[in-house]
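Structure assessment
Chain by chain, the residues:
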Amino acid sequence: MSVKLELQTIKCYLSEASSLANLTFSQPVGSLFYGISGFLLIFPENNVWTGPSGWTASCKITDVQLQLSLTRVSSGGREAYAPTITARLSSKDSGTPELDPSKSWVYITVVALTGDNTASIGVAGNTGLVAAGTEVSVAVASGASGVPVLGGFNLDYGGEHKVAAISAGGNLSGSTVIPTAAMHDDSDNDATARADDGYLYSLKGSPGFITTQKSQLQHSTSYDYDLGAGPLSACAAVMRGFTVKFGSNDDHNISYVGAGLVPSNRYIEASTKCPLPDDPTVVNGSSIRLPYAEALLGDSGEGSSSPKYQDDSSSSVDMILIGITA
């Protein structure tokens, strides 16, 4: 069996995350990685606890987390992977509210190298959640070229604080993957930060796929990115990382946080539900169209103060674009 890159996606509201189907591939999997294409974590309407109705709750937070785990299983005699999503946006305000699973969603892409002798073409994997700044060595041949992607993050204050900025991502240095993550307020309270980075290394000149990074994106409408080769038969877009901040490093309670392929809006009114995002698409044979790419952060004010939103000049996402050519 020839080696090929196969894509699977998980896109759902968190209320549906407990009943996800197993992921299957057409050939045996040599290695794979998962990465976050987009997410939105949002509190429910604040009158669930107290306060005027109609607004998304605005809270100090204790922690924010998004993580996928895959368990290898057998499904109908075929190798398959059972996905489990862990997501949290938590606060002690008004009886320890949690995120609203009917409005919060995730979009995760799983990329697998399948077929015979996949290690001759490339190597993929994830570090798992590790402390930000940890150097994780990957067994790859000298001279291999790779890209990192954001597979998950866990930011925990160990108490309850406002938010000035949130970030997560990672870097590659040769065969070393270095996850990064941070969350802080404007009073020097820093979260304990962990991140899970995925990686994809190619070991030959024409591995059947193309990867490129587009940095500091913050656009709410579609944009085409030319990969310079083709024709492309399929594509994916996964975050390398994101940074989202309020202006002037001010801190605020938050109502929601999101990044990646996330439809632009200000989700401060409880009646405004974010739709699941559109997929990236191949256009003109060699380009990938992203419907949007941005980082969002909002504080509704719950009707008693003016809403606050991310500073677009200092908030953005880095996206890894993957085009399949074989």
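Below is a summary of the structure that appears in this document.

1. Side note on the sheet that holds strand 6 (residues 105-114)
The strand order across the open sheet built from 6 strands is 1-6-3-17-20-21, with neighbouring strands paired in antiparallel fashion. This sheet does not close on itself; its edge strands, each paired only once, are strand 1 (4-13) and strand 21 (308-309).

2. Re the nonpolar core
One recurring pattern in soluble globular proteins: nonpolar side chains tend to sit buried together. Counting residues in each nonpolar core, the largest one holds 74 residues, and the members touching the most others are Phe 39, Ile 85, Phe 153, Phe 242, Leu 290 and Met 319. Considering each element in turn, this core owes the most residues, 8 residues, to strand 3 (residues 29-42). Setting aside its immediate chain neighbours within four residues, Phe 242 contacts Phe 39, Leu 150, Phe 153, Ile 166, Ser 167, Ala 168, Ala 259, Ser 316 and Val 317. Grouped together as the second largest cluster of nonpolar side chains are 15 residues, Phe 33, Val 149, Ile 322 and Ile 324 included.

3. Points about the side chain of Thr 127
Within the fold, Thr 127 resides in the loop between strand 7 (122-126) and strand 8 (130-131). Thr 127 gets classed as buried once you look at its relative accessible area, which sits at 17%.

4. Considerations on unusual backbone geometry
The phi dihedral of Asn 117 falls on the positive side, at around 55°, and the residue is not glycine. Looking at the element boundaries, Asn 117 is found in the loop between strand 6 and strand 7.

5. Comments concerning the state of the cysteines
Overall, the coordinates contain 0 disulfides when judged by the stated rule. Free cysteine: Cys 59, not disulfide-bonded; nearest cysteine sulfur from Cys 274 at 19 Å. According to the relative accessible area criterion, Cys 59 is buried, its value standing at 3%.

6. Re the side chain of Ser 91
Inspection of the secondary structure assignment puts Ser 91 in the loop between strand 5 (78-90) and strand 6. A distance of 2.5 Å separates the side chain of Ser 91 from the backbone oxygen of Lys 60, its partner in a polar contact. Among the polar contacts listed, one links the side chain of Ser 91 to the side chain of Glu 160, at a separation of 3.1 Å.

7. Observations regarding the sheet that holds strand 19 (residues 287-290)
Either a parallel or an antiparallel arrangement is found when strands of a sheet pair, and the pairing is made through backbone hydrogen bonds. Ordered in space as 15-19-18, the 3 strands form an open sheet in which the pairing is antiparallel. For this open sheet the edge positions go to strand 15 (223-226) and strand 18 (281-283), each flanked by a neighbour on one side alone. Ignoring which end each strand starts from, the neighbouring axes of this sheet average 35° apart.

What counts, and at which threshold
- Residues numbered from 1 in each chain as written.
- Predicted model: local features only at pLDDT ≥ 70, side-chain atom pairs only at ≥ 80, totals over all residues.
- Heavy atoms only, no water.
- Pairing = 2+ DSSP bridges.
- Helix = DSSP H or I, 4+ residues; strand = E, 2+ residues; numbered from the N terminus.
- Core = buried A, V, L, I, M, F, W, Y, C linked by side-chain atoms within 4.5 Å.
- Buried < 20%, exposed > 50% of the residue type's maximum accessible area, 1.4 Å probe, protein only.
- Contact = heavy atoms within 4.5 Å.
- Disulfide = S-S within 2.5 Å.
- Polar contact = N/O pair within 3.5 Å; in protein donor to acceptor, adjacent residues only side chain to side chain.
- Axes fitted to C-alpha atoms, helices over the stretch in contact; angles between N-to-C directions.

Distances and angles like these do not, on their own, reveal function.
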